[in-house]
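What follows is the residue order along each chain.
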Amino acid sequence: MASPDEMDFPPRDMAKEQLGKLLFYDKILSGNKNTSCASCHHPLAGTGDGLSLGVGEGGKGLGIMRDTGSGSDAIAERVPRNAPHLFNLGAREFVRVFHDGRVEQDSSAPSGFNTPAGDAFLMGMDHALAAQAAFPPTSNTEMAGQAGENDVADAAAAGDLQQVWSLLTARVMAIEEYRTLFAAAYPDLQVPENVTFTHIANAIGAFEAAAYRADNSPYDRYLQGDNQAMSKSAAEGLKIFTGKGQCASCHSGKFQTDHDFHALGVPQIGPGKGDGFNGHDDYGREQVTGDANDRYRFRTPTLRNVAVTGPWGHDGAYNTLEAMVRHHLNPEQSLNAYDTAQAVLPSRADLDTQDFIVHNDDTSRFNLANSIEINPVALNDNEIKLLLDYLHALTDPNSLDLRHTAPARVPSGLPLAD
Ligand code: HEC
Ligand code: HEC
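All residue numbers refer to position in the chain's written sequence, counted from 1. Just so you know, chain letters begin at A and ligand numbers begin at 1, following the order they were written in. In keeping with the predicted nature of the model, local features appear solely for residues at pLDDT of at least 70, side-chain atom pairs appear and are counted solely at 80 or more, and the whole-chain, interface and lining totals rest on all residues. In computing side-chain properties, one takes all heavy atoms of the structure into account and sets aside hydrogens as well as water.

Caption draft 1: Summary view of the site of ligand 1. Close to ligand 1 lie 28 residues; Cys-37, Cys-40, His-41, Phe-98 and Arg-299 are nearest. A distance of 2.9 Å is found between a nitrogen atom of ligand 1 and a side-chain nitrogen or oxygen belonging to His-41. As used in this structure description, the phrase polar contact means that two N or O atoms lie within 3.5 Å; if the pair is within protein, one of them must be able to donate a hydrogen and the other to accept it, and residues adjacent in sequence are counted only when both atoms belong to side chains. Here an oxygen atom of ligand 1 and a side-chain polar atom of Arg-102 are 2.8 Å apart. Each residue receives one of three labels: charged for Asp, Glu, Lys and Arg, nonpolar for Ala, Val, Leu, Ile, Met, Phe, Trp, Tyr, Cys and Pro, and polar for the others, Gly being one of them. Each residue belonging to the shell around ligand 1 can be placed in one class, and the counts come to 16 nonpolar, seven polar and five charged. Near, as used in this document, describes a residue that has one of its heavy atoms within 4 Å of the molecule or strand being considered.

Laid out in structure tokens, this is it:
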């Protein structure tokens, strides 16, 4: 195994990154101008939000302090999945993003990507990470707001993604400072009118790829030949990871992922994705393929920086890394013994009543348990501790405080914090 190097990442482009940084933090991309990408992917929360399930448009505050909004701004529902971290997603091998891989590179698609927008997707995206950036602004829950609140939200609710992208592009390009920045980042643009949402998304993708690259962990230095870089117990843990623990059968390669989908029976919490029991279940990869064999399968996540990116699992069901690892060892038992108190969900009476509907339904839980495709592995407490030491050695210390990657202000003049 080798540590990642420059060849694993796209070439840098400072002008695009600078523009992308501002767009990532600018609430101008949300219908009601109250949410930015950073609201849920925060530089002090391991590029996530520290919550099990995200609080979208309307919520106030950051991370675990985030509330569910008030009055007419109150959120309509929780975001149904955990906001993942963004580390290393710019690396070339990440050709699929989202927990269910619904944005993925596909050379046979007209745009080069399979996405929820089908054949109507924007052309010219640099990579899957850039293509992904086109979608949060089209989600009523995450960024657009509710129908009736603004024109972007209306277009999003009507499923008119092209209209969402044109309205937002027009908003951005109405700002003089952005026009100058786009001209610098895209020297081939003849007139500002040629800017499309693709340019916005490619700039955001360039920023994410550069700012959130994280491959300077003790494990990397160990791979580069420094035997002292990882503690002895972490090195023992690595042996269990690749050997007896069978972790590397899915968490393989330089970034510990096979980029494939597996059913692990992680407890289902939150409002769900419209599947199963009263629509509160989440069938994962089946949402994309329509194939019942993919039911409850979710993408194998990269484990780099995993110690600082909790809560864990596609819906943040587990609030300790140890509980997440132990789940793998005996998934069915862990599912049935799941302690719902660990879910990190800002409370609101009507939302709370939805949170464990599926988990508490015997039939749904039985179906989920039946889908599990991972073999139980017997590890003793000491072996688990060594494994956790190894996972901690995957933390790049430069990722702990990413405030230096945030801008001081954004061109729209909208506030950075709530
Ligand atoms: C309201 C919270 C919220 C906001 C705002 C938000 N995201 Fe996310 N993000 C999420 C959640 C939740 C997911 C996982 C959704 C899924 O997989 O179904 C996600 C997934 C992602 C992923 C895929 C990560 C992976 O491992 O595959 C990327 C990249 C990303 N977001 C970037 C962005 C960008 C760029 C923006 C702004 C344009 C943004 N997000 C705005 C919550 C948010
Ligand atoms: C059969 C494939 C497979 C094997 C084997 C496997 N994992 Fe996983 N792992 C996954 C998938 C898929 C997920 C995401 C599950 C979900 O969210 O529903 C995951 C999630 C995780 C997470 C949470 C990551 C996050 O960002 O939330 C950790 C930590 C983890 N695995 C560690 C391990 C360890 C340690 C082992 C070995 C004991 C292991 N895995 C074995 C497929 C696997």
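Caption draft 2: Fine view of helix α7 (residues 176–185). Residues of α7 that are buried: Tyr-178, Leu-181, Phe-182 and Ala-185. What you see down the axis of α7 is that its buried residues fit within an arc of 100°, all on one side. Here the buried face of α7 lies against α1 (14–25), α6 (161–173) and α8 (197–211). Between buried and exposed lies partly exposed: a residue is buried under 20% and exposed over 50% of the maximum accessible area for its type, with that area taken using a 1.4 Å probe on protein chains only. Labels follow the DSSP assignment, with helices taken as runs of H or I lasting at least four residues and strands as runs of E lasting at least two, numbered in each case from the N terminus. The arc under discussion is defined with respect to the helix axis, by the directions toward the C-beta atoms. Only heavy atoms matter for contacts: two residues are in contact if any of them lie within 4.5 Å across the pair.

Caption draft 3: Quick peek at the domain arrangement of the chain. Marked domain ranges trace back to an automatic or database domain assignment. Under the domain assignment used here, the chain contains domain 1 (8–213 + 399–405) and domain 2 (218–395). Taken over C-alpha atoms, the centre of domain 1 sits 25 Å from the centre of domain 2. Tallying the contact residues gives 35 residues for domain 1 and 39 residues for domain 2. Taking both sides of the interface into account, the surface hidden between domain 1 and domain 2 amounts to around 3200 Å²; carbon and sulfur atoms contribute 55%. Values labelled buried area give the accessible surface lost by two parts on being combined, using a 1.4 Å probe and summing over both.

Caption draft 4: Summary view of the coordination of the iron atom of ligand 1. Only N, O and S atoms count as donors, using a 2.8 Å limit from the metal and a wider 3.2 Å limit for Na, K and Ca, and since water is excluded some coordination spheres may look unfilled. Within the protein, a single donor atom binds the iron atom of ligand 1, namely His-41 (NE2) at 2.1 Å. Within the secondary structure, His-41 sits in the loop between α2 (37–40) and β1 (96–97).

Caption draft 5: Broad picture of the environment of Thr-169. Residue position: Thr-169 is located in helix α6. Separated by 234 residues in the primary sequence, Thr-169 and Arg-403 place their C-alpha atoms 27 Å from one another. A distance of 3.5 Å separates a polar atom in the side chain of Thr-169 from the backbone nitrogen of Phe-197.

Caption draft 6: Geometry of the coordination of the iron atom of ligand 2. Of the protein atoms, only His-251 (NE2) and His-328 (NE2) coordinate the iron atom of ligand 2, at distances of 2.1 Å. One can describe the site at the iron atom of ligand 2 as octahedral: its six donor atoms subtend angles covering 84 to 180° at the metal. Of this pair, His-251 sits in the loop between α10 (232–242) and β4 (261–263) while His-328 sits in helix α12 (residues 321–329), and the two are 77 residues apart along the sequence. Residue His-251 is classed as buried on the basis of its relative accessible area, which comes to 11%. Key to geometry: four donors with every angle between 85 and 135 degrees are tetrahedral; four donors are square planar and six octahedral where opposite donors lie over 155 degrees apart and all remaining angles lie between 65 and 115; all other sites are irregular.

Caption draft 7: Spotlight on the side chain of His-199. Structurally, the position occupied by His-199 is in helix α8. A relative accessible area of 18% means that His-199 is categorised as buried. The residues contacting His-199, other than those within four sequence positions of it, are Phe-182, Tyr-186, Leu-189 and Asn-194.

Caption draft 8: Spatial organisation of the nonpolar core. Residues Leu-23, Leu-29, Phe-121 and Phe-182 are the most contacted members of the largest nonpolar core, which totals 62 residues. When residues of this core are traced back to their parent elements, those giving at least two are α1, α2, α3 (128–132), α4 (140–144), α5 (151–157), α6, α7 and α8. Apart from the residues lying within four places of it in its own chain, the contact partners of Phe-121 are Ser-111, Phe-113, Thr-115, Ala-131, Ala-134, Phe-135 and Trp-165. One finds Leu-238, Leu-264, Ala-307 and Phe-356 within the second-largest nonpolar core, a separate group that totals 36 residues. Joining through side-chain atoms within 4.5 Å is the link that ties buried Ala, Val, Leu, Ile, Met, Phe, Trp, Tyr and Cys residues into a set, and such a set is a nonpolar core.

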